[in-house]
Every structure is written in C-alpha cells, then in structure tokens.
Amino acid sequence: MKKLKITALALLAMIAISLIMPLTEVKAAATLEVKATAGMSGKAKAQSAVPLQVTIKNNGEDFSGDMAINAAGSYEIASARVVPIDLAAGEEKTFTFYLDGSNYTYMEGDLFAFYSGGIEQGKKVAYKGTKQLQANFLDPASTFIYTLTDKSDRLAAYLRLASLVPQNNLEIFHLNQLKDYTLPDSVQGLAMADIMVIDEVAIADLTQKQQEALLGWVQEGGTLLLGAADQVEATAGIFQESLPLSLSQEMTTISAETLTKLTGGGIFTQPISMNVATNNEGSVSVLTDNETILASKKKVGSGEIIQTAFSLGDQPLASMDGYAALIAKVVNLQSIAQQGMMRQGQSPLERMSYELRDVNELFPSFEVSVSYMLIVVILYILIIGPILYIVLKKMDKREHAWWIIPVLSIVMSIALFIIGAKDRIVQPQVQQSAFYKVNEDSSVNGYYIESILTNRSGDFVVNADQQTTAIATRSSIDLTGGNMGNLHESSYIKENANGSTLTLRDLSYWSVQSFGGKTAAQNIGKMDIDITLKNEKLTGTIKNNFPFALKDATLISGTKEVKLGDIEPNGTLQVNKEFKTTILQNPSIYNNYNYSYPTKTEEVDPLRIERMKNLALPLVENDRQPVIIAWADQVIAGVELETSASMSPITVLIQPFNGNVELVGPFTMKLNHFTYTVNSLTTNGYADKMEGELNNWYLSEGLHEVTIMMPDQFMNDVQSLDELTISNKDVQRMQLSLWNNETDIYEPLVDTKQVLTEQISKYFNEEGELRLEIQYGPNPSGEQTKLPGIELKGVAKE
C-alpha cells in the first residue's frame, strides 16, 4: 500500500513537471530584449505620424516571425502595425517605423507582441524591455521646422523664431546633425514637419525615393523653403519644374533700412547681397522691394515651395538680429502657427469617425419592407388555409395535411430568408464615403471612411496603395472591453511593396466593420472655373475635366451658397444665377453637423453627402477663395477589399477658385465679408473661435493680434478706400490699437466706434490685411467675447 502511494505521488509529480516544461521552454526561447524611442530627439507631435526607433537584441535561439506594435493613434480609430523580423542568436538590430496619428494616450497593456513563425499561425513569445513608450508628445498645434544644411551654425538664428510665436510651441530640428538620422523615403517620415528648410544641399543628390517622399509631403500641405545657391535649378532634382524663381547671375543689394521696413521692425546693420530674380509661371511674390523680388512661392498640390533670391545661411545676414523676423515674414510663420492652432481638438480621422461613420454604416439591406412582409403573411395564410383545404379536398387527400403544412411552412420560411437576404449572402457589401480637395495640378488629397457588411465570419483583408492609409475603427466591444493593449487581436497593418494591407480579424457573420484613412491621387482631373460676379449675378462656365460626372455642383462664398447643376464628363456648365452679394470669398466654416438620423433608405445618401461637405470645408480654409463643391458616385481612394464586393461609393470634391468680381461704383464691406485670425502674443495664451458662430471667441487675458483679411485679390478692383469704421464690441474688457503700415506702430483706438476717413489705405498691407492689437481682460468669469466689428466703404475702379 505504501509503495502504491509512493508510485502515485511520483506519477503526479511527473504530470506536474510535464505541464510546467512547455511553459518553461517558451519562456526560455523568449529571450528578446527591446528598447524603443519615439519622435525626433525624444519629441513627437500628437495626431501626426511619429517615427518609432526599435532596437531588438536576441539573447536566445534564432527568431523568425512577426512583431506587432500596439500603438493606438486615437480612441476611435486604431490598428496595430505588424512587421516581419529575423534575428539570429546573439544578433541585435535597429528598425525605424512610422506610426499613423499616434499619441499613445489610449495605450493599455504591452506596446509590443512577438510571434515566432508569424502572427497568423505562430506562437506568442514573451519579451523584456520597453512595455510602455515614454516620449514627450507635444500639442498638435506645435510647429516643427526641419532643416537640411551641412552646417547647423548657418541656420542658428532659426532658434529665435520661437519668440515670434509665443503662443505656439516651435521646435527646430537640424536633420544632418541628428545621430544616425537618415532622411525618410516615405511621406509618413516627414509628417511631423510643417516647414522644411534646405540650405545649399543638393536635392538631386538624395535618392529617388527620398525625393518622392519630399514631393509627396509638399503635396499634402508642407512648406518647402529653398535659398539661393549656385546652379540651384540643376540641383533641385524632382522640384526642378516647380521652382518659383529664375535666378540670374546679376547681383543686387538690399539696404538694412529696407529690410527693417519689410520685416516690420527687424534689426539689420548691413545690406545683403542677392540674385536678381524673376517669377516663373504660376508663382506669386511674397516679399518685394518695389520691382526687386526677395522671395516668391508656388503651389504644389496642397502645399507650396518658397524660394528666396538670397542665401539662407550666408553672412552677414545669418548673424543679424532681424534675420529671424525676415524668415518669419517669408514663410508667413504667423499663418502656419495659426493653422497649427486649428489642429487642436479632434483629428480629421476622429471627426470623421464621430460625424460620418454612423450614417456610412447604414446599408439599404437593413430596411425591412412592412408591405412586403404583410403580403407574404397574407399569402401564407391563404395557402395554408383555404387554398390547401380546397386542393386536398378535391384530391381527397385531406389526411396528408399533417405533413404538408409543416413542409410548406419550412419551404416558405427558407424562400423568405433567401429573398430577403440575397444581397447579404452572395458577397460582402461596401459603402465608401470620401472627400477631397482638388488642387491646381489636378491632384487630390483628403480622407475616406469605408464600411463593410460581411457575408461570412472570419478575417477580411483590405489592400491600400502607397498614397492611401487604412486604419480600423474600434468596435463598441473593444472600447467597452478595454482591449486597447491587444490591438493586433482585432486588426493589424502590414506594409508591402505596393502599399499596405489591413487585416480585420474574426469578424462576425453579418456584422459591420469600418476603416478609414488619408488618401491622395495624382492627375485625376480638376474643374476649369471661369465665373464672374457683377451686379449680384454670377455668369461664366465650369468645365469638368474629370472622367466622371459631377453632381449638384454648388458655389459657396462666405455664408452663402447657390446650386449650379450637374456636369457631364468633359462637359461644360453654363452659369447664370442670381447671387445676393457684392464679393466672392472663402467659405465661412460653421459647425453645420446634422445630428438627425435617417428613417428611410432614400435619406441615407443625402445625409452622407451633407456630412462630408461639412468635413471637406476645413480642407480649404487657408486658401482665401470661394469654392465649388460637387459629388460623384466614383471611387478615387486607392483601397479595396481583397475579395469581390458590392460597392456603393460617394466622393465629394471641393475646389477653390479665383472668382472674378466686377465691382461697380461705391461699395460697402461688412463683418461677414472679412476673415479673422487671432494670434495670442501672451505665453500660454489662447484664442478659440466658437464653432457655429461668426465672430464669438474665447480669449485668454493678455495681448492678442487680430488679422482681418479681405477676400483674395479684392484690392485689385478698388479705386479708393474712403471710410473705415471699427467698433469695439466689448469695451469693458477690450482695448484696441490699429497698425499703421507707414509708421510701423500701433495707434490706440479710443472711441467705441472709431470712424477713419483720412488715408485709409495705409492701414491695409499688400495682401489686403488689417491688423489690430487687443489688450484683453480682466475676464474672471471666462465668458466669450466678440471681436471688433469692421465696415469698409470705398469706390471700385471703372
């Protein structure tokens, strides 16, 4: 008996050891050590694609498999990134990845997961090292400036740019001086940059992929600043045909006094030497001294190239105190900083998820026809009741009713199911909503969201091209279940030579899953718009150069809009419409979000279009031009389901244009004809416009600068400005001063309603901008305020 007990104990011990052994083996094999850092020099911009540098050391046996990066770009939209890695025993490797829209605020669990043999069928392996990523994630309103220069001392003055935008965090990164840094060969790698400065570095010496990445970054909205250099046309590489200036060998000088005036008070002690330059076709001068061009710009996609006729880093300019003010003027730093402030809050992808996703996930097959169901029920009753009775009675087979009735019920139920669900059974259904800005070079860029109604359970794979990203939206189960640390278990992205694939894992039968991202396309087409406003009437033409029809073309100017009609492919629409306004201007962006929910199938698509229109307007808010907006039932986004699917696409296109305005005689410009931007001059100050309001703002106590802009090119039609009225709408908390461009000083405005009639033009700069300084406060209640009102009277040219 004793021996039997000993034998039993030994057997139990062997079983316990056998259960423990596999765990020990997996743990022993998982000897991966990981160290990860994000951003540039430890700094990263939230809501932007962020570089992630990962160093992995293998202290065990050979490893071949996948690494999943559980980095959540936002609460609503997030997918893991999966990359294949191979590490021999004892090997150490460093990888650089770029994560879309990351801020890591929503991370839970481990940052990484490793699968030996691959994520699909492999075995999960533990690791040690970085579990949570520590990085200094800065506000999305921050301005990042990258420089490419062989000697960072040449651009040392750029560090002083931060003092010119105290309300906005500004960071300078000299790329050539960063340890082990290589210029990215993808647009994502440059996404954090707002401005790229290239100083006497030949773009042509970069690899073709690096040049294409730089071009793609500009097309998506980046600002590229190029200085004068020997043979700059030959060394511009991929930008050779896009340069704003032609530089001659002839040299000229600009005096210190002129530089001081051009920069609004910058301190210069010596004249500077520069090339005599002329504008290339499509260029616009940004800084001139009479006929002498100091800098010009040219649109490239949604971004621009700015080129100077002087070297960016040569002495004595680079060491003078006013140099930072000169560069700020050339690149319009205040405007770029203001654009950064607009990035605060939800990212475009998050807004799209909140405002468009719900209606995009409504499929026509969800609707059940009550009349159809009623007809079927009535037919069933008739067949089972009197019809069956009469037939069986005539055949004298009434005793067979006991089995005929249930068989008929089953057959009719199956038939009813097949007829009602035929659209869901054959193939998955897809609805895509996309909105784009149309650029002058026939390229488009924007965002999309796509929803899948599955016809089976399991994984679904989405392929995206190199100009399109695809990230899954989070399901309500994931959000309430707190699975953010296990992103790869619900969806993951793998890059490939043609772009990327998004795998949506373990979707349920007849479930709906959405994904979305940024998208762009080249040489798609544009509209040729030639419209004139005269005597409150629009006349002209719109030619559709897209290879598909445009529907419901609508002109939007300020708060007004007018429908113009449909335009066939390569067709021309004749415009002849009443339009009760005297000017054409950029759209006033309101929060027109429609919170209604469709109750009928025919209400879904109009609501999709309306919400996309509201999401598209911010894409053009910096253009200062009226727009034409239209939609098409056409797919442009380079993304598709790997399996065949029934597609229902709607694409909204918005294009700014130069409207011709023929003013006649006297005119009056009122508040809603101008565009306001506010720049807080107080450290940690803020200026936030209330959504849905024309002129209501929240301001911090302190100093603010208000720029009031006329419509683009409006001054070209003005003969004289006769009367300027500025009204202080908050005299208890607001003191106003008006900038005089001739004296370069602010003049206090004492009266509540100040009326100026002498030399009005001296208060407007060459861009038609008026500048006010506001000393605001005290404001203990934190209530909103109204910015100053403005009214301008004048006479138009004959």
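A quick note: this is a predicted structure, and the numbers were derived from the prediction, not measured.

Chemist: Please set out the packing of aromatic side chains residue by residue, giving values where relevant.
Modeler: With the rule as written, the count across this model stands at 13 aromatic pairs. Between Y158 and Y323, the ring centres sit 5.9 Å apart and the planes meet at 75°, which makes this aromatic pair edge-to-face. A residue pair is termed long-range when its members are at least 10 positions apart, and Y158 in the loop between strand 11 (143-149) and strand 12 (170-174) and Y323 in helix 5 (residues 323-331) qualify at 165 residues. Of the two residues, Y158 and Y323, neither departs from the other in class, the shared state being buried. Each ring, one from F435 and one from Y447, has its centre 6.1 Å from the other, and the planes form 35°; the classification is tilted. Here F435, found in strand 20 (residues 429-438), pairs with Y447, found in strand 21 (residues 444-453); they are twelve residues apart in sequence, far enough to count as distant. The two residues F435 and Y447 agree in class, both being buried. An aromatic cluster is built from F63, F112, F114 and Y127, whose rings are joined through pairwise contacts. Lying across the ring of F460, R456 places its NZ or CZ 4.0 Å from the centre.

Chemist: Quick rundown of the sheet that holds strand 8 (residues 123-125)? Include the residues and the values.
Modeler: If you walk across this open sheet you meet the eight strands as 8-7-4-5-24-25-22-33, and the pairing is mixed. Each edge of the open sheet is held by one strand with a lone partner, namely strand 8 and strand 33 (639-641). Each strand of the sheet is rotated relative to its neighbour by a mean of 30°, with strand direction disregarded. Here three bridges tie strand 7 (residues 112-116) to strand 8, and the two strands are oriented antiparallel to one another. For S116, the partnering residue across the bridge sits in strand 8 and is K123.

Chemist: Got a sec to walk through the pattern of salt bridges? Specific residues and values, please.
Modeler: All chains considered together, the criterion is met by 26 salt bridges. For the salt bridge of E120 with K494, the shortest nitrogen-to-oxygen distance reads 3.8 Å. Here E120, found in the loop between strand 7 and strand 8, pairs with K494, found in strand 24 (residues 491-496); they are 374 residues apart in sequence, far enough to count as distant. Judged by relative accessible area, which is 42%, E120 ranks as partly exposed. The exposure class of K494 is partly exposed, given its relative accessible area of 22%. Of the charged contacts in the structure, one is a salt bridge between D623 and K299, with a shortest N-O distance of 3.8 Å. Of this pair, D623 sits in the loop between helix 12 (604-616) and strand 32 (627-632) while K299 sits in strand 18 (residues 292-300); the two residues are 324 residues apart in sequence, bridging distant segments of the chain. For K299, a relative accessible area of 35% puts it in the partly exposed group.

Chemist: For the nonpolar core, give the residues involved together with the corresponding values.
Modeler: Proteins that are soluble and globular tend to have nonpolar side chains buried together. Residues I531, L555, I628 and L724 are the most contacted members of the largest nonpolar core, which totals 105 residues. If we ignore the near neighbours within four places in the chain, the residues touching L555 are I531, L538, K560, E561, V562, L564, F579, L584, V627, I628 and F657. Ranked by size, the runner-up nonpolar core spans 51 residues in total, among them L52, I85, F95 and L190.

Chemist: How would you sum up the environment of Y492? Please name residues and give values.
Modeler: Following the sequence through the fold, Y492 ends up in strand 24. Y492 gets classed as buried once you look at its relative accessible area, which sits at 3%. For the pair Y492 and V83, spaced 409 residues apart in the sequence, the C-alpha separation amounts to 9.9 Å. Here E120 takes part through its side chain, which lies 2.6 Å from a polar atom of the side chain of Y492.

Chemist: With reference to specific residues and values, describe the confidence of the model for the chain.
Modeler: Regions with low pLDDT should not have their predicted coordinates read in detail. Confidence in the prediction for the chain averages 84 pLDDT; 88% of positions are at 70 or higher. In the model, residues 1-29 has pLDDT below 50 throughout and makes four contacts with residues more than four positions away in sequence or in other chains.

Chemist: Go over helix 7 (residues 348-355), please, and point to the residues and values.
Modeler: Turn by turn, an α-helix covers 3.6 residues, leaving residues three or four places apart pointing in a common direction. Regarding helix 7, the residues found buried are L349, E350, M352, S353 and E355. On its buried face, helix 7 is in contact with helix 8 (357-360), strand 20, strand 21, strand 23 (471-472), strand 26 (512-521) and helix 12.

Chemist: Explain the sheet that holds strand 17 (residues 283-289) residue by residue, including any values.
Modeler: The seven strands are arranged 12-11-13-14-19-18-17 in an open sheet whose pairing can be described as mixed. Each edge of the open sheet is held by one strand with a lone partner, namely strand 12 and strand 17. Strand after strand, the sheet turns through a mean of 20° between neighbouring axes, direction not considered. The sheet contacts of helix 2 (residues 208-219) involve strand 13 (195-199), strand 14 (223-226), strand 18 and strand 19 (303-308), and relative to strand 13 the element is tilted by about 135°. Packing of helix 5 onto the sheet brings it into contact with strand 13, strand 14, strand 17, strand 18 and strand 19, and relative to strand 17 it is tilted by some 150°.

Chemist: Could you give an account of unusual backbone geometry, with specific residues and numbers?
Modeler: Cis peptide bonds are those with omega within 30 degrees of zero, and the linkage from Q315 to P316 qualifies with 5°. For P316, the location among the structural elements is in the loop between strand 19 and helix 5. Note that the residue after G777, namely P778, is joined by a cis bond; omega there is 0°. Examined against the element boundaries, P778 turns out to sit in the loop between strand 45 (769-776) and strand 46 (785-786). Even without being a glycine, S442 presents a positive backbone phi close to 70°. Relative to the helices and strands, S442 is located in the loop between strand 20 and strand 21.

Chemist: Describe the side chain of N360, naming the residues involved and giving the relevant values.
Modeler: Locating N360 in the fold gives a position in helix 8. Its relative accessible area of 0% is what places N360 among the buried residues.

Chemist: So, a nonpolar patch on the surface: which residues are in play, and what are the values?
Modeler: On the surface, W402, W403, V407 and V411 cluster together to form a nonpolar patch covering roughly 450 Å² of accessible area. Tracing the backbone through its elements, the reader meets W402 in helix 10 (residues 401-426).

Chemist: A description of the packing of helix 7 against helix 12 should follow, citing residues and the corresponding values.
Modeler: Packed helix pairs are specified by the crossing angle of their axes together with the interaxial distance, meaning the distance between the axes. At a minimum axis distance of 11 Å, the contact between helix 7 and helix 12 shows a crossing angle of 160°. In terms of orientation, helix 7 and helix 12 fall into the roughly antiparallel class. In this structure, helix 7 crosses over helix 12, and the sense of that crossing is right-handed. Each of R351, M352 and E355 in helix 7 lies in contact with helix 12, whose residues at this interface are R611, N614 and L615.

Chemist: Explain the environment of N169 to me, and be specific about the residues and the numbers.
Modeler: In this structure, N169 sits in the loop between strand 11 and strand 12. N169 gets classed as partly exposed once you look at its relative accessible area, which sits at 35%. Not counting residues up to four positions away in its chain, the partners in contact with N169 are L138, S142 and T143. Within the local environment of N169, its side chain forms a polar contact with the side chain of E171, the two groups lying 3.2 Å apart.

Chemist: Would you mind going over helix 2 in detail, with residue names and values included?
Modeler: Between the first and last C-alpha of helix 2 there are 16 Å, a value that for twelve residues agrees with the 16 Å anticipated at 1.5 Å per step. In terms of burial, helix 2 is largely enclosed, as nine of its twelve residues are buried. Of the positions making up helix 2, those classed as buried are Q210, Q211, A213, L214, L215, G216, W217, V218 and Q219. Of the surrounding secondary structure, the elements contacted by the buried residues of helix 2 are strand 13, strand 14, strand 18, strand 19 and strand 21. Where helix 2 terminates, the next one or two residues include G221, which has phi positive at roughly 125°.

Parameters and conventions
Residues numbered from 1 in each chain as written. Predicted model: local features only at pLDDT ≥ 70, side-chain atom pairs only at ≥ 80, totals over all residues. Heavy atoms only, no water. Phe/Tyr/Trp six-rings, centres within 6.5 Å; stacked < 30°, edge-to-face > 60°. Helix = DSSP H or I, 4+ residues; strand = E, 2+ residues; numbered from the N terminus. Buried < 20%, exposed > 50% of the residue type's maximum accessible area, 1.4 Å probe, protein only. Lys NZ or Arg CZ within 6 Å of the ring centre and 35° of its normal. Pairing = 2+ DSSP bridges. Axes fitted to C-alpha atoms, helices over the stretch in contact; angles between N-to-C directions. Salt bridge = Lys/Arg side-chain N within 4 Å of Asp/Glu carboxyl O. Core = buried A, V, L, I, M, F, W, Y, C linked by side-chain atoms within 4.5 Å. Contact = heavy atoms within 4.5 Å. Polar contact = N/O pair within 3.5 Å; in protein donor to acceptor, adjacent residues only side chain to side chain. pLDDT = per-residue confidence, 0-100. Patch = residues over 30% accessible without salt bridge, like charges linked within 9 Å, V, L, I, M, F, W, Y side chains within 5 Å. Areas by Shrake-Rupley, 256 points an atom, 1.4 Å probe, with all protein chains shown as cover. Parallel < 35°, antiparallel > 145°, perpendicular 65-115°, else oblique. Left-handed = near helix turned anticlockwise from the far one by under 90°. Expected span 1.5 Å × (residues − 1).

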